[in-house]
Amino acid sequence: MKFGSINIVGRSVSGYSTSITLPDMGISFDCGVANHDAIQCNTVLITHGHLDHLGDICRQAYLRAMRGMEPTTFLVPHWLVKRVHELFTFWAKVQQARKCPYSIKIVGWNERVDICKGRFVRAFETDHRISSQGYVVVEERTRLAAKYRGTPGRELGRLRKEGADLDEVFEFPLVAFTGDTRASVFDGDLLALKAQVLISECTFVNGDVTVAEARKKGHVHISELAAKAHRFADVGTLVLTHFSQRHTNRHIEEAIASLPAALRTKTSYLPVGK
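Residues numbered from 1 in each chain as written. Predicted model: local features only at pLDDT ≥ 70, side-chain atom pairs only at ≥ 80, totals over all residues. Heavy atoms only, no water.

A. Structural detail: the pattern of salt bridges. Counted according to the given criterion, the structure contains 16 salt bridges. The salt bridge involving R122 is made with E171; its shortest N-O contact spans 2.8 Å. Taken together, the positions of R122 in strand β10 (residues 119-125) and E171 in strand β12 (residues 167-177) put the pair 49 residues apart, joining distant regions of the chain. The partly exposed category is assigned to E171, whose relative accessible area is 36%. Between E162 and R158 there is a salt bridge, and its shortest N-O distance comes to 2.5 Å. Residue R158 is classed as partly exposed on the basis of its relative accessible area, which comes to 36%. Linked through salt bridges whose partners overlap, the residues forming this network are R112, D114 and E140. (Salt bridge = Lys/Arg side-chain N within 4 Å of Asp/Glu carboxyl O. Helix = DSSP H or I, 4+ residues; strand = E, 2+ residues; numbered from the N terminus. Buried < 20%, exposed > 50% of the residue type's maximum accessible area, 1.4 Å probe, protein only.)

Below is the structure:
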């Protein structure tokens, strides 16, 4: 699916699998069941240790190795590094084979990790039942420095000819991904809330599960997003995902239609396949 200039592929269903890719950037968020596009990605961002987000991590790397592709780089929170290495060791023993090549980069909250020229990732703390973090993919862009804005074009041209550096570099948040979290994550000063596309979990969308129950499970209820609609004013597109297996696409569409107008018009979702 295309959201502005951002192409997003994949699926996220609570308890089953989350594997969402940005194929044009070679990035995958989590690795529950690695889809074809996730296997093409050389960078995988892991949010937390639940099976539906981490279960296919070894297979993704093994398939890339089998195809002679560049080894996967996994961006992992510090508390999961040892466990990820153990998973690869375990499967090497089960298969009676050498471990396939892969690499790990530890990503701390608000830390910058470069992924390619002019593009990097920052992690942020989320609020799930277990330790977890989300990610923002950021692009470095240039613009006219603040002190030169309003200067006539002819004057700017003269200054450039004289070798003056008129530009400044700024961080442009392209895509943010929450992974699993409670809605409280949106209460803080979050770079993700300025992203061109924010992919947010929204596990529950109707009265089958109450807000209190959703919070107890460590997840978001869509009514909480409605109550926090003003927090998403600077988001380009809000893409909802990670729905409960009890929900159909019709349930999701009906819930989105009930959101406040300002939020509804910028909200979409990744279909659940039913």
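Having seen the structure, we can now continue with the description.
B. Here's a closer look at the layout of surface pockets. Its boundaries defined by the atoms lining it, the largest pocket holds a volume of some 240 Å³. Around the largest pocket, the lining comprises 16 residues; the ones closest to its centre are N110, F124, E125, D189 and L190. For the lining of the largest pocket, the element with the most residues is β10, which contributes 4 residues. Considering only residue class, the lining of the largest pocket consists of 8 nonpolar, 4 polar and 4 charged. (1 Å grid on protein atoms, 1.4 Å probe; cavity = no way out; pocket = protein on both sides within 12 Å on 5 of 7 lines; lining within 4 Å. Points joined across faces, edges and corners; volume = space filled by probe spheres on them. Nonpolar A, V, L, I, M, F, W, Y, C, P; charged D, E, K, R; others polar.)

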